[in-house]
Amino acid sequence: MSLLVVGLSHRSAPVSVLERASLSVDAQVKLLQDTVAAEPATEGAVLATCNRIELYADVDKFHAGVAELSTLLAQHSGVGLEELTPYLYVHYEDRAVHHLFSVACGLDSMVVGEGQILGQIKDALARAQELHTAGRLLNDLFQQALRVGKRAHSETGIDRAGQSLVTFGLEQLAVGAPVETWARDKKALVIGAGSMSSLAAATLARAGVAEIVIANRTPERAERLAQILTEGDDTDVLARAVPMPSVPFELTRADVVVSCTGATGLVLTADVVAAGVGSRVGQQPVVDLDEAAEAPLPPTSVGTDEGCPLDLSAVRPGFSVMGEAAVAGMDAATLEQHAAWVAGGTVDRRETSRTGPEADADLIGALAATASAVGRIPERRRPEPVAEPPRPEPVLFLLDLAMPRDIDAAAHRLAGVRLVDIESLAEASADAPMAADVDQVRRIVSDEVAAFGAAQRAAHITPTVVALRTMAADVVAGEIARLEGRLPGLDDKHRAEITQTVRRVVDKLLHAPTVRVKQLAAEPGGAGYADALRTLFDLDPETVASVSRAEESTEKNAQNRGPA
């Protein structure tokens, strides 16, 4: 086994990099096709979620494989290799198996214990099978990962360690209140109809929202999801589908918006959100609180003095324009003009073109003389405290689960809006408590990794054992044929008895070494026993390879037929 995974996730890269490196479905398909076409790789699978992008491959050379997979990720993600490399991680062989099993159990998720990743692993395997890029190794690996994930959720309380990303996001919107209490009787708009959006809609329905509107670029999928919600036995929510152009209007009615699409650009801009919120608060303009707090106050001693060479709007609040802070950093010409303005005169800046230390000294002296004539020392006042306007209670709650983001990040600065996105979820989950069951899941992962490695090593020697037994059967057949030539009068009864006896002798001689070699091969470092067996019995390498090809062909046909 030469399993290699190269990837990046929320643990290794900032959200801004993950957002730019996200892969569309078409990009994933092209990446898989290029991976198996590359020289070091014979199999490939891509696991792409909202917070991770990982490329799995069976390679024959480690260093060449790392270089090739890293280059392919950079090419298809659109992020330059030099920029992407510091955020990439690499796992090889048993460490790669351990990583995928940990991911399947939710140990590597943004919200520990969430179960959505199992569906995403299943989708990754289905795509690789459809494109015929998954061979024996990746089929076995991903199918076992699904079984390990299900075992972790059924045998432990890992579900208590965290919730799905949807539930966790809704809890962040509710700010400590029970989601059911917060969501009751609200109107929800869900943008997208994929697996994450469907889960969000179902979660909102169970939480008690009064209405759910589904908007999707494919109307049929939106209508199907709305029908499922309406016909559900555990909720009585009113659900309907609308086309995407209706989203701005639906924003004027919605209390909660969840968006998770595959769009490469923004689905909701800050202006669209502002318009929707403005209609909810009586057509009043939406104030950007951050910009209001950062806006400079007018100067305290003057307002619109004519002839002042300063840009009064740029003067720091709390200081006199005649004070020392006002003239700090001026060039010599402006300094002279400022001095003349303070004294009540004017100076044409175009005439003061002198430069150098002497000119500056003269100007400073002129400023000092002016200060003496005015009869006051430059004044510096204590800045007056600036009161921040209170932030109003939100009337629109936005949950953005897409990568790249669907909702403009600037929307979080709008009054009346609360926005939770992947980045804020990552920050909020950083301090989430770990359940005691996590240790139990880790033990399950370790045991399953050891079992998977042993099974793969044992499977590696199976073609050699089969080839050995085939060779022994050929030897028996040849000797029986030679015996018949020497004893042409041998009757059928005695011939069958002799044949059976010879076969039993060969089977007994081969039984112990073949069983033992399988046991030894299952141990770490046991791959060399297959080579030893081939050497000792002088087995034809092509015979062994033909057995492997026959087994792979049988497995592929079974996969194409699907489950019975």
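Residues numbered from 1 in each chain as written. Predicted model: local features only at pLDDT ≥ 70, side-chain atom pairs only at ≥ 80, totals over all residues. Heavy atoms only, no water.

**Description of the overall build of the chain**
Here is step 1: Tallying secondary structure elements over the chain gives 22 helices and 10 strands in all.
Here is step 2: Looking at the chain as a whole, 45% of its 564 residues qualify as buried.
Here is step 3: For the chain, contacts bridging at least 24 residues in sequence account for 71% of all contacts bridging at least 6. (Helix = DSSP H or I, 4+ residues; strand = E, 2+ residues; numbered from the N terminus. Buried < 20%, exposed > 50% of the residue type's maximum accessible area, 1.4 Å probe, protein only. Contact = heavy atoms within 4.5 Å.)

**Examining the pairing of strand β5 (residues 187–191)**
Here is step 1: The buried fraction of β5 is high, at four of five residues.
Here is step 2: Here five bridges tie β5 to strand β6 (residues 211–215), and the two strands are oriented parallel to one another. Note that in β6 the partner of K187 across the bridge is E211.
Here is step 3: Read as a crossover between parallel neighbours, the route from β5 over helix α10 (residues 195–207) to β6 is right-handed.
Here is step 4: Of the strand pairs in this sheet, β5 and strand β8 (residues 256–259) are connected by four bridges, and their pairing is parallel. Bridged to L189 within β8 is V257. (Pairing = 2+ DSSP bridges. Right-handed = clockwise from strand over helix to strand, strands pointing away.)

**Looking at unusual backbone geometry**
Here is step 1: The phi dihedral of E93 is positive, around 50°, even though this residue is not glycine.
Here is step 2: By the secondary structure assignment, E93 is in the loop between β4 (89–92) and α5 (94–104).
Here is step 3: Note on E93: relative accessible area 30%, which makes it partly exposed.

**Here we look at the packing of aromatic side chains**
Here is step 1: Under the criterion given, the structure shown has four aromatic pairs.
Here is step 2: Consider the rings of Y56 and F142, whose centres lie 5.4 Å apart with planes at 80°: the pair is edge-to-face. With Y56 in strand β3 (residues 52–59) and F142 in helix α7 (residues 136–155), this residue pair connects regions lying 86 residues apart in the sequence.
Here is step 3: Since its relative accessible area comes to 0%, F142 is described here as buried. (Phe/Tyr/Trp six-rings, centres within 6.5 Å; stacked < 30°, edge-to-face > 60°.)

**Comments concerning the environment of I117**
Here is step 1: In this structure, I117 sits in helix α6 (residues 116–130).
Here is step 2: For I117, a relative accessible area of 3% puts it in the buried group.
Here is step 3: Taking the C-alpha atoms as reference, I117 lies 7.4 Å from V103; in sequence the two are 14 residues apart.
Here is step 4: In contact with I117, not counting residues within four places along its chain, are T49, R52, V103, A104, G106 and S109.

**Here we look at the packing of α5 against α7**
Here is step 1: Where α5 meets α7, the axes come as close as 8 Å, and the angle between the chain directions of the two elements is 45°. Between α5 and α7, the angle falls in the class oblique. Where α5 crosses over α7, the handedness of that crossing is right-handed. Side by side, α5 and α7 meet where V97, L100, F101 and A104 of the first sit next to L141, F142, Q144, A145, V148 and G149 of the second.
Here is step 2: Tallied by class, residues from the contact of α5 with α7 come to eight nonpolar, two polar and no charged. (Axes fitted to C-alpha atoms, helices over the stretch in contact; angles between N-to-C directions. Parallel < 35°, antiparallel > 145°, perpendicular 65-115°, else oblique. Left-handed = near helix turned anticlockwise from the far one by under 90°. Nonpolar A, V, L, I, M, F, W, Y, C, P; charged D, E, K, R; others polar.)

**Structural notes on the packing of α5 against α6**
The description of two helices packed together rests on the angle between their axes and the distance between the axes.
Here is step 1: Their axes nearest at 8 Å, the elements α5 and α6 cross at an angle of 130°. Taken together, the axes of α5 and α6 lie oblique to each other. Between α5, through L100, V103 and A104, and α6, the contact on the second element is made entirely by I117, L118 and I121.
Here is step 2: Of the residues contributing to the contact of α5 with α6, the split by class is six nonpolar, no polar and no charged.

**With respect to empty space enclosed by the protein**
Here is step 1: Here the structure, examined in full by the defined rule, presents four cavities of 30 Å³ or more.
Here is step 2: By volume, the largest cavity is sized at about 100 Å³.
Here is step 3: Taken together, 13 residues make up the lining of the largest cavity; nearest its centre are C50, N51, E114, Q120 and L165.
Here is step 4: With three residues, the top contributor of residues to the lining of the largest cavity is α6.
Here is step 5: Of the residues in the lining of the largest cavity, the class split is six nonpolar, five polar and two charged. (1 Å grid on protein atoms, 1.4 Å probe; cavity = no way out; pocket = protein on both sides within 12 Å on 5 of 7 lines; lining within 4 Å. Points joined across faces, edges and corners; volume = space filled by probe spheres on them.)

**Digging into the sheet that holds β8**
Here is step 1: If you walk across this open sheet you meet the six strands as β7-β6-β5-β8-β9-β10, and the pairing is parallel. Of all the strands in the sheet, just β7 (238–242) and β10 (417–420) have a single pairing partner and so form its edges. Strand-to-strand twist of the sheet, defined as the mean angle between neighbouring strand axes without regard to direction, takes the value 15°.
Here is step 2: The strands that helix α11 (residues 219–231) touches are β6 and β7; relative to β7, the one it contacts most, it runs at about 175°.

**A few points about the nonpolar core**
Here is step 1: If you look at the biggest cluster of nonpolar residues, it comprises 66 residues, and the most contacted ones within it are L165, W182, I212, I214, L229 and L401.
Here is step 2: The residues touching L165, leaving out its near neighbours within four places in the chain, are C50, M110, V111, E114, Q116, M196, L401, I422 and L425.
Here is step 3: Counting residues in each nonpolar core, the second largest holds 36 residues, with L118, V441, V449 and F452 among its members. (Core = buried A, V, L, I, M, F, W, Y, C linked by side-chain atoms within 4.5 Å.)

Remember, this is a structural readout, not a statement about activity or role.
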